[in-house]
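# Coordinate inspection notes
Below, each chain spelled out in residue letters.
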Amino acid sequence: MRLTRFTDVALRVLMRLAVATGDEDPPTTREVAATMQVPYTHAAKVVARLQHLGLVDARRGRGGGLTLTGAGRSASVGALVRQLEGPGEVVECEGATPCPLRSACRLRSALRAAEEAFYASLDPIAVTDLVSSPTGPLLIGISGSRPAPD
């Protein structure tokens, strides 16, 4: 199974926000995009979705920035990935050219079970678990150099 780029960026944004401290100004979307090395426009779409899900608080203007909410800190990575990836199957059995095996295929159910096992292995992991050492200190180090505002 392969995650979409959107889900990958969302998880990295949440990880960056999980290491933000109260000692610093909250990072902006542009700063997080630069730290995570993703295009600003893509990061902005991700932040909007995370805000809609109640995981991120985004404030504009002077003193604004991004903060992780309590729900964002404790969110299950498995639940997040399920939500961000949306419904779908690992393989397309019913597409434009339906698979001739679809009525008696064992592969489809095996892949569905494998996909659920993948999500289940991520379920007990919270966003804050993703930033334990060595990841957290690395994130703090690379986010220390902030780009100049545009």
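This text follows the structure it describes.
Below: a short report on this structure.

Thresholds applied
- Residues numbered from 1 in each chain as written.
- Predicted model: local features only at pLDDT ≥ 70, side-chain atom pairs only at ≥ 80, totals over all residues.
- Heavy atoms only, no water.
- Helix = DSSP H or I, 4+ residues; strand = E, 2+ residues; numbered from the N terminus.
- Buried < 20%, exposed > 50% of the residue type's maximum accessible area, 1.4 Å probe, protein only.
- Contact = heavy atoms within 4.5 Å.
- Areas by Shrake-Rupley, 256 points an atom, 1.4 Å probe, with all protein chains shown as cover.
- Lys, Arg positive; Asp, Glu negative; His and termini not counted.
- Charge placed at Lys NZ, Arg CZ, Asp CG, Glu CD.
- Phe/Tyr/Trp six-rings, centres within 6.5 Å; stacked < 30°, edge-to-face > 60°.
- Lys NZ or Arg CZ within 6 Å of the ring centre and 35° of its normal.
- Salt bridge = Lys/Arg side-chain N within 4 Å of Asp/Glu carboxyl O.
- Core = buried A, V, L, I, M, F, W, Y, C linked by side-chain atoms within 4.5 Å.
- Axes fitted to C-alpha atoms, helices over the stretch in contact; angles between N-to-C directions.
- Parallel < 35°, antiparallel > 145°, perpendicular 65-115°, else oblique.

### Things to note about the overall build of the protein chain
From N to C terminus, the protein chain includes seven helices and two strands. Counting from the amino terminus, the protein chain carries its helices and strands in the arrangement α-α-α-β-β-α-α-α-α. For the protein chain, the residues scored as buried account for 33% of the 150 residues in total. Long-range pairs, those at least 24 residues apart, make up 69% of the contacts in the protein chain between residues at least 6 apart in sequence. Accessible area for the protein chain stands at about 9,000 Å²; split by element, carbon and sulfur atoms hold 55% of it. Taking the average location of the 17 positive side-chain charges in the protein chain and that of its 15 negative ones, the two points are 4 Å from each other.

### Side note on the packing of aromatic side chains
For the coordinates displayed, the defined rule picks out one aromatic pair. A centroid spacing of 5.6 Å and a plane angle of 55° characterise the contact between Phe 118 and Tyr 119, whose relative ring orientation is tilted. Here Arg 30 stacks its cationic end above the ring of Tyr 40, 4.0 Å away from the centre of that ring.

### Brief notes about the pattern of salt bridges
Summed over all chains, the structure comprises six salt bridges. Of the charged contacts, one joins Arg 12 and Asp 8 as a salt bridge, the two residues approaching to 3.2 Å between their closest N and O atoms. Of this pair, Arg 12 and Asp 8 both sit in helix 1 (residues 5-18), four residues apart, which is roughly one turn of that helix. Residue Arg 12 is classed as partly exposed on the basis of its relative accessible area of 22%. Accessibility expressed as a relative area gives 30% for Asp 8, which makes it partly exposed. A salt bridge links Arg 82 to Asp 123, with the nearest nitrogen and oxygen atoms 2.6 Å apart.

### What to know about the nonpolar core
Counting 31 residues, the largest nonpolar core has Val 13, Leu 14, Leu 50 and Val 56 as the members making the most contacts within it. The set of elements that each furnish at least two residues to this core consists of helix 1, helix 2 (29-36), helix 3 (40-52), strand 2 (65-68), helix 5 (77-85) and helix 6 (107-122). In terms of residue count, the dominant contributor to this core is helix 1 (eight residues). Those residues in contact with Val 13, other than ones at most four positions away along the chain, are Val 32, Val 46, Val 47 and Leu 50.

### Thoughts on the side chain of Thr 29
Relative to the helices and strands, Thr 29 is located in helix 2. Residues within four places of Thr 29 in sequence aside, it is in contact with Tyr 40, Ala 43, Ala 44, Val 47 and Leu 66.

### Overview of the packing of helix 5 against helix 6
Packed helix pairs are characterised by how far apart their axes lie and by the angle those axes make with each other. In contact at an axis separation of 6 Å, helix 5 and helix 6 are set at 135° when each is read in the N-to-C sense. Viewed along their axes, helix 5 and helix 6 adopt a mutual orientation that is oblique. The residues of helix 6 that touch helix 5, namely those facing Val 77, Gly 78, Val 81, Arg 82 and Glu 85, are Glu 116, Tyr 119, Ala 120 and Leu 122.

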